[in-house]
Amino acid sequence: MNHILALPLFLTLTGAVQAQPVFDAMRGQYGSATDPATSCAANPHQMDFMSSPPHVMLTWHKDKDDGVGKPRNFERYDLETFDDTTMTLREEGDFRPNTDHLGPYWILQMTETPRGYCWRRPDWPSVRCEDQQLRCENATS
């Protein structure tokens, strides 16, 4: 009986990622505004979404440095929450200790000028957003 009642709720939640305008607006190809190695011209990435379980996936055309000296071309993030312009993400498999009570969460913030997105942490002021990524069809680099 419980499984029967849970099925409609599960189907509603899994369809939520596909039904939200923020995901349609964000799906696409991006390149770094500041790093020539991952710019739209050199090595852009594709942002896609998976509904069950809810994930954000970034795929680069070629391997890139992951920040700790390991090459990779794919990142998957657990989608924790979202609204019309932001997504709160946690890199899949990142289980660092929650020493600051915020955890290893990142906020992907949509930007209009320039069109794309940037990254911020929950404990940063909302005006601090780093690693600007440009939507490639509008980028000049």
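Residues numbered from 1 in each chain as written. Predicted model: local features only at pLDDT ≥ 70, side-chain atom pairs only at ≥ 80, totals over all residues. Heavy atoms only, no water.

1. A few points about the confidence of the model for the protein chain
Quick note on the threshold: Scored between 0 and 100, pLDDT is the confidence that the predictor attaches to each residue. We call two residues contacting when some pair of their heavy atoms lies within 4.5 Å.
Here the protein chain averages 82 in pLDDT, and 76% of its residues register 70 or above. For the stretch residues 1-16, pLDDT sits under 50, and the model shows four contacts to residues farther than four places along the chain or on other chains.

2. Regarding the packing of aromatic side chains
Going by this rule: Stacked, tilted and edge-to-face are the three classes assigned to paired rings of Phe, Tyr and Trp, where Trp is represented by its six-membered ring and a pair needs centres within 6.5 Å; plane angles under 30 degrees give stacked, over 60 edge-to-face, the rest tilted. Counting from the N terminus, the helices are DSSP H or I runs at least four residues long and the strands are E runs at least two residues long. Categorising residues by exposure relies on relative accessible area from a 1.4 Å probe, with only protein chains included: less than 20% of the type maximum marks a residue as buried, more than 50% marks it as exposed, and the intermediate range marks it as partly exposed.
Summed over the entire model, instances satisfying the criterion amount to six aromatic pairs. Taking the centre distance of 4.8 Å and the plane angle of 65° together, the rings of F23 and F82 count as edge-to-face. A residue pair is termed long-range when its members are at least 10 positions apart, and F23 in helix α2 (residues 21-26) and F82 in strand β4 (residues 71-82) qualify at 59 residues. For F23, a relative accessible area of 0% puts it in the buried group. Taking 5.8 Å as the distance between ring centres and 80° as the angle between the ring planes, the aromatic pair formed by W106 and W124 counts as edge-to-face.

3. Re the pairing of strand β5 (residues 86-91)
Counted only if it meets this: Only when DSSP finds a minimum of two bridges between them are two strands counted as paired.
The element β5 is largely enclosed, with a buried count of five among its six residues. Sheet topology note: the β4/β5 ladder contains five bridges and is antiparallel. From the neighbouring strand, D78 faces β5, where its bridge partner is R90. Where β4 folds back on β5, the antiparallel hairpin that results is connected by three residues. As defined by bridge partners, β5 adjoins strand β6 (residues 105-111) across five bridges and the pair is classed as antiparallel. Considered in β6, the bridge of R90 is made with Y105.

4. A few points about the state of the cysteines
Keep this limit in mind: Here, a disulfide means two cysteine sulfur atoms that sit within 2.5 Å of each other.
This structure, assessed with the given rule, holds two disulfides. The partner cysteine of C40 in its disulfide is C136, sulfur to sulfur 2.2 Å. Disulfide C40-C136: the torsion about the S-S bond is -95°, which places it as left-handed. Residue C40 is found in the loop between β1 (28-32) and β2 (45-50), and its partner C136 is found in the segment after β8 (130-135); the two are separated by 96 residues along the sequence. With respect to class, C40 is no different from C136; both count as buried. Covalently, C118 is tied to C129 through a disulfide, its sulfur atoms 1.9 Å apart. The S-S bond linking C118 to C129 shows a torsion near 100°; that makes this disulfide right-handed. Of this pair, C118 sits in strand β7 (residues 116-120) while C129 sits in the loop between β7 and β8, placing them 11 residues apart in sequence. Along the protein chain, the cysteines that take part in disulfide bonds pair up as 1-4, 2-3, counted in sequence order.

5. Regarding the nonpolar core
Note the threshold: We call a set of buried residues a nonpolar core when its members are Ala, Val, Leu, Ile, Met, Phe, Trp, Tyr or Cys and they connect through side-chain atoms within 4.5 Å of each other.
Of all hydrophobic cores here, the largest spans 17 residues; its most connected members are M26, M47, V56 and M87. Of all the secondary structure elements, the ones that give two or more residues to this core are α2, β2, β3 (55-65), β4, β5, β6 and β7. Not counting chain neighbours up to four residues away, the residues in contact with M47 comprise M26, R27, G28, Y30, V56, M57, L58, L108 and Y117.

6. A few points about the pattern of salt bridges
Our working definition: One speaks of a salt bridge when a side-chain nitrogen belonging to Lys or Arg is within 4 Å of a carboxyl oxygen belonging to Asp or Glu.
Here the structure, examined in full by the defined rule, presents 10 salt bridges. For the salt bridge of D123 with R121, the shortest nitrogen-to-oxygen distance reads 2.8 Å. Since its relative accessible area comes to 18%, R121 is described here as buried. A salt bridge links E137 to R135; its shortest N-O distance comes to 3.5 Å.

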